[in-house]
Structure formats: C-alpha cells, structure tokens
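# Observations on the model geometry
The residues making up each chain are set out below.
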Amino acid sequence: MAKFDDMDQNGKVLAYYMWIDGSGQFLRGKTRTIDQAEVTNVDDLPEWNFDGSSTEQATGDNSDVYIKPVKIFKDPFRGGNNILVMCECRCPDGSPHPTNRRAECNKLMEMQECKEQKPWFGIEQEYTLFDANGKHPLNWPENGFPRPQGPYYCGVGANNVNGRCLVEAHYKACLYAGVKIAGSNAEVMPSQWEYQVGPCEGIEMGDHLWVSRYILYRMAEEFGISVSIDPKPIPGWNGAGCHTNISTLAMRQPGGMKHIILAIKQMGDKHDEHIQEYDPTHGQDNARRLTGLHETASIHVFNYGVADRGASIRIPQQCEKDRCGYFEDRRPASNCDPYAVTGRIVKTICLGI
C-alpha cells in the first residue's frame, strides 16, 4: 500500500465514518469522499446511512439506519487531511436509534447540574491478542499453557511479552489521531495488554475510547493479529476490564476525600444498576470475570478500599495521602460501552438519579 500513500487526492478528503453496531461492543465503518480539501468542523459533514439489517440494527424490509457525525479525528492510516469520523446512529425521523447510547449520555453530561461538577474520566482498556483467526492467544504454546502468571505484568523480553510491535504502533497512531491516550503496559496474563485514555471531561470520554478501539483493531490488521475485548477470554487466568477512574471538581480540590467517599457510597446503593450497564449483556459477561478471584470483587458484592485491587472500587494510596483526587471503579468489563458506563456514573454521583 505504501506506493499509493502519496497519490494526489485532487483536493478531496476521505472520511471514514464509524459507528457502534447492534452488539453494543463492536464498530462498523465505511468511507465516503468529501468534496473539499480539508474538514475541520464536524458540522460540515453530511449525514449518511447504512444497511442496519446487516449490523443487527434493523430488519430487511426497513433497513436504513442513519449516521450523524459527532466527532472528527485525524486518520493515522491514510494520513494527509483524511479523517476518522465518530458517528451516532439515528432513525429516519432523526431520533436516536435504540442502540445509540451516546445520545442519552450526552444529554446527561449537558445538564447544568452535571456540567457544573466537571466530571473527569480516565479509562483503562484491557485487551487480549490472538492469532489471525482469533482462536489461539498470540504466541501461546500450541498445546498446554504458558508459565503461571507472575512475570508478565509490565514485563520485558521475548519470553514475557507478546505483540509489543502492535502496542507501540497503536500508541503512536492514537497520538497522531488526537486521541487522549495516556499510557500503556503489558498485563498480568501473557498476550494481554492495557492502555489508558484520559483524563476526558463529559462525553469526550466515550468518543476517545471508541476511536482508540477502532485504531487498535485497524492496526492489528497490519500485523495479522486479532484483538479480543472479551472480559474472560481464558478461564482460570486474569480477565480483562475497563477500570474507570472518576473525579468531580469537588473531589479534586483540597478536602475532596469526603466527596469521594460520598460518591462511592452512592454507587454502592446503586450497585445492581451499575452492573447492568457495565457490559453489553447486562452483567452476563461480567459474571464470568467478577468472581472474587484474579484481582476482582464478586459481582454479588460491593466494597471499597485503599489500594485494594480485590475491591469493587479502589481509592489510590496517593489520594488517601492527599485527601483529594479520584477513585477507580474496577467493575466495568473490557467490552463495555463507555457511553453507558459514564452516563450511569454521572446519573448516580452528579444527578442523584
């Protein structure tokens, strides 16, 4: 493909429109030509549509689902002025499609009571690398298992980490695109990795995480690797989460610990409602992961603690010392919809719903 990269596009932009399909956890996308040399305002982009009967979002006899552009990022694969476009799914009458969790989340984030509290989020996206057909963890033995968990977390060396080439390429591509990626590391299970996105305020969290996922899947194509965000891809080994770090303005200011504790207690009162929103199967996926083992709390229990990775919610040690900062909700699954997660959180701690 390299020989085509520098071809003149005759003053036109290639816009890759992406949307969340009916599964609530996977992306679809397609490209259209924009007849201008540069696009900097999302409002300059036209709405489009797709065949929802092929994405679990419509029936064949009424298949058109509309996509409305909501956020632009630079395209790290095509370069130049080409763009990635995050979209919302809409019904033909313009109303949000039933699978569109972004519209509801944005409505919550735009409420004055919520905006005044300036909710910040940082999400830790864990994922597992498999071979190209998605059947076998990358570089695991053909028969049996690798050495037990221990040397892999933040590991170095070919005997401890797999797929670093993809991880590094993904990191740089996110920076190029304008995604607020903040870091990455190898995880506890071999061939499992994590990257962090944030801090992001309000609706921005969902937009940036979804686009980072697209870049990860698309970059994996270049390396012939398959990416899984299943919360428990290998029974008996650590699962994968989307640990969500949360703060409001009051929590970040001196003396904010009392607001952190209050928010945690509010979330404890709504534990079941949160679990329903923390994976796309309303808790069924997370039930395989949140067992009380492998650095998780049981899905049936809510608890919190300082520096406790076996709790539902962890207060970082530094925040305990500073008496302000943020806290980490460890319950969201790796395949969660960040719009659903952040929306549920602000309903509980900002709006009291």
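Quick look at the structure, then. The structure displayed is predicted, hence computed values, not measured ones. (Residues numbered from 1 in each chain as written. Predicted model: local features only at pLDDT ≥ 70, side-chain atom pairs only at ≥ 80, totals over all residues. Heavy atoms only, no water.)

What follows concerns the overall build of the protein chain. Per the secondary structure count, the protein chain includes ten helices and 13 strands. In terms of overall size, the protein chain behaves like a compact globule, its C-alpha atoms giving a radius of gyration of 21 Å where 353 residues would be expected to give roughly 20 Å. Overall, the C-alpha framework of the protein chain stretches about 60 × 55 × 40 Å when taken along its three principal axes. Burial status across the protein chain gives 53% buried among its 353 residues. Excluding contacts between residues fewer than 6 apart, the proportion of contacts in the protein chain whose partners are at least 24 apart in sequence is 65%. When the accessible area of the protein chain is evaluated, it comes to approximately 15,700 Å², of which 49% is carbon and sulfur surface. (Helix = DSSP H or I, 4+ residues; strand = E, 2+ residues; numbered from the N terminus. Rg over C-alpha atoms; globule rule 2.2 N^0.38 Å. Buried < 20%, exposed > 50% of the residue type's maximum accessible area, 1.4 Å probe, protein only. Contact = heavy atoms within 4.5 Å. Areas by Shrake-Rupley, 256 points an atom, 1.4 Å probe, with all protein chains shown as cover.)

We now examine the pairing of strand 10 (residues 242-247). In terms of residue burial, strand 10 counts as a mostly covered element, since six of its six residues are buried. Side-chain alternation along strand 10 places C242, T244 and I246 on one buried face and H243, N245 and S247 on a second face that is also buried. The sheet contact formed by strand 6 (residues 120-130) and strand 10 spans six bridges and is antiparallel. Within the sheet, the bridge partner assigned to I123 lies in strand 10 and is T244. (Pairing = 2+ DSSP bridges.)

What follows is about the pattern of salt bridges. The final tally for this structure, using the stated rule, is 17 salt bridges. Across the pair D35 and K12 runs a salt bridge, and its minimum N-O distance is 3.5 Å. Here D35 is found in the loop between strand 2 (27-34) and strand 3 (48-51), whereas its partner K12 is found in the segment before strand 1 (13-20), with 23 residues between them in sequence. When its relative accessible area of 35% is taken as the criterion, K12 is described as partly exposed. A salt bridge links E88 to R90; its shortest N-O distance comes to 2.7 Å. In this structure E88 comes out as buried when scored by relative accessible area, which is 5%. Among the residues examined, R90 registers a relative accessible area of 15% and is labelled buried. (Salt bridge = Lys/Arg side-chain N within 4 Å of Asp/Glu carboxyl O.)

Moving on, we get to the sheet that holds strand 5 (residues 83-90). Strands sit in the order 2-1-5-4-3 across an open sheet of five strands; the sheet is mixed. This sheet does not close on itself; its edge strands, each paired only once, are strand 2 and strand 3. Here the average twist between neighbouring strands, direction ignored, is 40°. Of the strand pairs in this sheet, strand 1 and strand 2 are connected by eight bridges, and their pairing is antiparallel. In the sheet register, L14 faces strand 2, and the bridge partner there is T33. (Axes fitted to C-alpha atoms, helices over the stretch in contact; angles between N-to-C directions.)

Closest axis-to-axis distance for the helix 3 (residues 164-177)/helix 4 (residues 204-223) pair is 9 Å, and the angle between their directions is 135°. With respect to each other, helix 3 and helix 4 are oriented oblique. Of the two elements, helix 3 crosses helix 4, and the hand of that crossing is right-handed. Note on element contacts: helix 4 touches helix 3 through S212, I215, L216, M219, A220 and F223, opposite C165, L166, A169, H170, A173, C174 and A177. (Parallel < 35°, antiparallel > 145°, perpendicular 65-115°, else oblique. Left-handed = near helix turned anticlockwise from the far one by under 90°.)

Another point: the side chain of R90. Residue placement: R90 occurs in strand 5. Engagement of the side chain of R90 in a polar contact is seen with the backbone oxygen of G94, the distance being 3.0 Å. With residues up to four places along the chain from it excluded, the contact list for R90 reads V65, Y66, K68, S95, P96, H97, N100 and A103. (Polar contact = N/O pair within 3.5 Å; in protein donor to acceptor, adjacent residues only side chain to side chain.)

Moving on, we get to the packing of aromatic side chains. Scanning the model with the defined rule gives eight aromatic pairs in all. Relative to W48, the ring of Y17 lies with its centre 5.2 Å away and its plane at 80°, an arrangement referred to as edge-to-face. Highlighted residues: Y17 in strand 1 and W48 in strand 3, separated in sequence by 31 residues. Look at Y127 and Y195: their rings are 6.0 Å apart centre to centre, the planes differ by 55°, and that puts the pair in the tilted class. Linking Y127 in strand 6 with Y195 in strand 8 (residues 192-201), this pair joins segments that are 68 residues apart in sequence. (Phe/Tyr/Trp six-rings, centres within 6.5 Å; stacked < 30°, edge-to-face > 60°.)

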